[in-house]
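Coordinates in review
So the chains spell out like this:
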Amino acid sequence: MSDHKPKSKVSAAAWTPLLLATTMLTGVATPALAQNNPNNANASSTASSNDDEIIVTATKRSENIQNVPMSIQAIGTERLEQLNVQSFNDYAQFLPSLTYQSAGPGFARTFMRGVNSGDNGNHSGPLPSVGVYLDEQPITTITGALDLHVYDIARVESLAGPQGTLYGASSLAGTVRIITNRPDPSGFSAAASLEANTVDHGDAGYVAEGYVNVPLASNAAIRLVGWSEHDGGFIDNVHGTRTYPTCAAGFVGSTFVGNDGTCTVDNAQLARNNYNTTDTYGARAALRIDINENWTVTPQVMGQVQRTRGVFAFDPNVGDLEVMHFLPENNHDNWYQASMTVNGHIGDFDLTYAGAYMRRGDTGHSDYTDYSYFYDVLAGYYIYNDNGTTLHNPSQGILSHDRYSKESHELRITSPSENRLRFIAGLFYERQIHNIEQRYVIAGMNDAWEVHGWPDTIWLTEQQRIDRDWAAYGQASFDITSQLTATAGIRFFKSHNTLFGFFGYGSGLSSGTGEAACFGGAINTSPPFPDFTNYHFHGAPCVNLDRGIEETGSTWSTNLTYHLNPDVMVYGTVSTGFRPGGVNRRIFQQALFNSDTLTNYELGFKSSWDQNRVRLNAAIFQEDWHDFQFSFLGANGLTEVRNAGDARIRGIESDFTWRPIDGFTISGAASYLWQLELMQNYCSLLPDGSQTTTCPTVDSQLLAPAGSRLPVTPHLKADLTARQEFRLWNYDSYWQVAMVHQSSAPQDIRIIEGGIIGRLPAYTSFDLSAGMQFPMFDLDFFIRNATDERGELYRYTECQIQVCGAQYYAVPIQPRTIAVRVSHQF
């Protein structure tokens, strides 16, 4: 353990009960104005904390958020700036229904309302349960949504509960929508800002960003946005050594063969402070052309490059914010998206087409020595070196190269919003491809044990995953009276998901997987390849995986809304969501896992009081999760996915805004889930590979009994913000305090594994900010995580928890960060 860099923190946990008891915790939904037709879900919008209306497009129409009968929160442009939001992590903490886990930038997995089995986010695992959209296009990839830098964004909308009718397969538990500011032909505007910051226990960083909106004609405009960001590191890779016991002993069985002197590894060349830096830069260009008074075309191109070094977790066994790793670690993630939206009017109806194409590339190097070391301690995981006569350092690293592509198309028609009977109907198609390459490398290993054609590679994953989704949907609302409205919707879908390629060991190590499982047996290079016998997919030695699952079905929703008066509304909703099934790779696992579904029962109200000085919204709900998908690391660190039975979630959500006097606002939001419960026993597979829920109550087959708590999501997540705006020395000024709290939660649903890896601890963090608006520029000072709370977002191990459990890693929230920002509006 290293103690060369002392780290201390002031706990805020003692303040939490008082703050929670004195106010109802809820998160602000910032007012946003929408332009153009209310049926146009792509209307440009800007945000203002002084506006009375909050306009959202969650139902694919522009509506006042207080008239949308669902639990929804929205953070607008101005509020995003006030909260100093720059990334997914920043805004996610102010959305209480949303939780997430991430091992680093670019790979966050989002969850809503506790619909979370604790899956490991593997490339061959389940699809996400929360859909993330950029404007009209889904940007959720298989291992997580794009980590978009947040600047010049109109608003972020969070739609809690299944959104299967309007948003489809990846919205089992909810949807997050990021809405960009659109080009505006009415006038020129521009802005720029520069931020300098420093992280406690770490390095300095900066953020530079700006936009310009230029009218090209009375009916056309272009909007250009750019950003560059450097985040200083705060995790130290401390110097240390590690000795592999079997290698050092020099014995194979009872025969002494010696070792080559590399059985003790030393990380001196890689040891350094502030190991985990991030550099992000990108741009967005959007064009708006009003062809005539009825038709508008908006093409947009957006791209981002993100480079990270090190890891974003620490090893508590080594020290606070410290690890001891032995191989290079870095990641290069780049993506672009081209999209086009066409809005038009045909008679009384609005027609919208939204299409997008996205490509993403991700190349990384990872240290995997924990896997090598703990298996060597457990079972003697020695590897011969090239001459085959002495034992050789078995340290593994992972070289990954993932390539994604995604296209989506939606065509919908909308009737006038003022009609007593109104509807939305549409068609949707989505196809995403993930080419997966992962090499598990041991330098200098025996050639006979390598995967053919891949030097020093003990295991190779060379796969292509394709997920396809077709859908037709419709939703209609009817005003039974001037105060009572009924809404019903349905979505018919078809999904087809496949996994193809090669995974496993070379022939020197393989028994039932890898080259031993090649289709057709022998490996050679002569075409043709009619049955994949000799097909070398992307350079792999053969094909040993070709499976798919095809499903059809429907998901639906019903709602009844009653307006007690123009400012108070109550509603009841029953809705469903689904997530398609997929493929397991091992031949002795269940070959396929099926779709899981969610049924939501919700009662809620929305209210405004005292001329909109007070807004109070709440919803109570029960969600029944059927055949939920659970992925975990199985034998040899290979992901397994099973349908683990049923679960039930019960909770309440609330948000409020209160302006007791002009210039002073208190706002907040909270989610309290009092039941997060497994309804059936979760058992290991039977010998025939089938799943059962009737395993013995005390037996190694029982992984988690009925009544077990669902993992990761806290019972309580809440935020509270107080902001005072005033004049100081004749300049507009402000101060602001924002608090975020979440209670503790287990990391794993399984009994043994959960006991080993432990719980995510409760934490409370505070953000402080203050600033002034001068004639030529705005000046802001802010502190994130002012008390330097060591909250944990995620715990993980590099192999099976029962093997590597003593060596778990904790991903912390960012330590205290002090920043100053100068900005100017042109």
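Look up: the structure comes first, before these words.
Calculation criteria
- Residues numbered from 1 in each chain as written.
- Predicted model: local features only at pLDDT ≥ 70, side-chain atom pairs only at ≥ 80, totals over all residues.
- Heavy atoms only, no water.
- Helix = DSSP H or I, 4+ residues; strand = E, 2+ residues; numbered from the N terminus.
- Buried < 20%, exposed > 50% of the residue type's maximum accessible area, 1.4 Å probe, protein only.
- Disulfide = S-S within 2.5 Å.
- Phe/Tyr/Trp six-rings, centres within 6.5 Å; stacked < 30°, edge-to-face > 60°.
- Lys NZ or Arg CZ within 6 Å of the ring centre and 35° of its normal.
- Pairing = 2+ DSSP bridges.

**What to know about unusual backbone geometry**
One non-glycine residue, asparagine 274, lies in positive phi territory at about 50°. Here the phi dihedral of aspartate 456 falls at roughly 60°; this positive angle occurs in a residue that is not glycine. Residue placement: aspartate 456 occurs in the loop between strand S30 (421-441) and strand S31 (457-479). By relative accessible area, which is 22% here, aspartate 456 ends up partly exposed.

**Quick word on the state of the cysteines**
A full pass over the atoms with the stated rule returns two disulfides. Through a disulfide, cysteine 247 is tied to cysteine 263; the S-S separation comes to 2.0 Å. The S-S bond linking cysteine 247 to cysteine 263 shows a torsion near -65°; that makes this disulfide left-handed. Note that cysteine 247 is positioned in helix H5 (residues 245-249) and cysteine 263 in the loop between strand S20 (255-256) and strand S21 (264-266), a separation of 16 residues in sequence. For cysteine 247, a relative accessible area of 1% translates into the label buried. A disulfide bridge connects cysteine 518 with cysteine 542, and the sulfur atoms are separated by 1.9 Å. Measuring handedness by torsion sign, the sulfur bridge of cysteine 518 and cysteine 542 sits at about -70° and is left-handed. Taken together, the residues cysteine 518 in the loop between strand S32 (484-505) and strand S33 (545-565) and cysteine 542 in the loop between S32 and S33 connect sequence positions 24 residues apart. Of the two residues examined, cysteine 518 and cysteine 542, each falls in the buried class.

**Considering the packing of aromatic side chains**
Overall, the coordinates contain 22 aromatic pairs when judged by the stated rule. Ring centres of phenylalanine 251 and phenylalanine 256 lie 5.2 Å apart, and the angle between their planes is 70°; on these two criteria the pair is classed as edge-to-face. For phenylalanine 256, a relative accessible area of 55% gives the class exposed. The structure contains a cluster of three or more aromatic residues connected by ring pairs, namely Tyr368, Tyr371, Tyr375 and Tyr440. Sitting above the plane of the tyrosine 794 ring, arginine 109 keeps its charged end 5.3 Å from the centroid. Seen from the ring of tryptophan 470, lysine 494 lies directly overhead, with NZ or CZ sitting 5.3 Å from the centre.

**Some words on the sheet that holds strand S12 (residues 153-160)**
What the five strands build is an open sheet, ordered S5-S12-S13-S8-S9; its pairing is mixed. Only two strands of the sheet have a single neighbouring strand rather than two, namely strand S5 (72-76) and strand S9 (137-138). The pairing of S12 with strand S13 (residues 174-180) spans seven bridges and is classified as antiparallel. Each bridged residue has a counterpart across the sheet, and for isoleucine 153 the counterpart in S13 is threonine 180.

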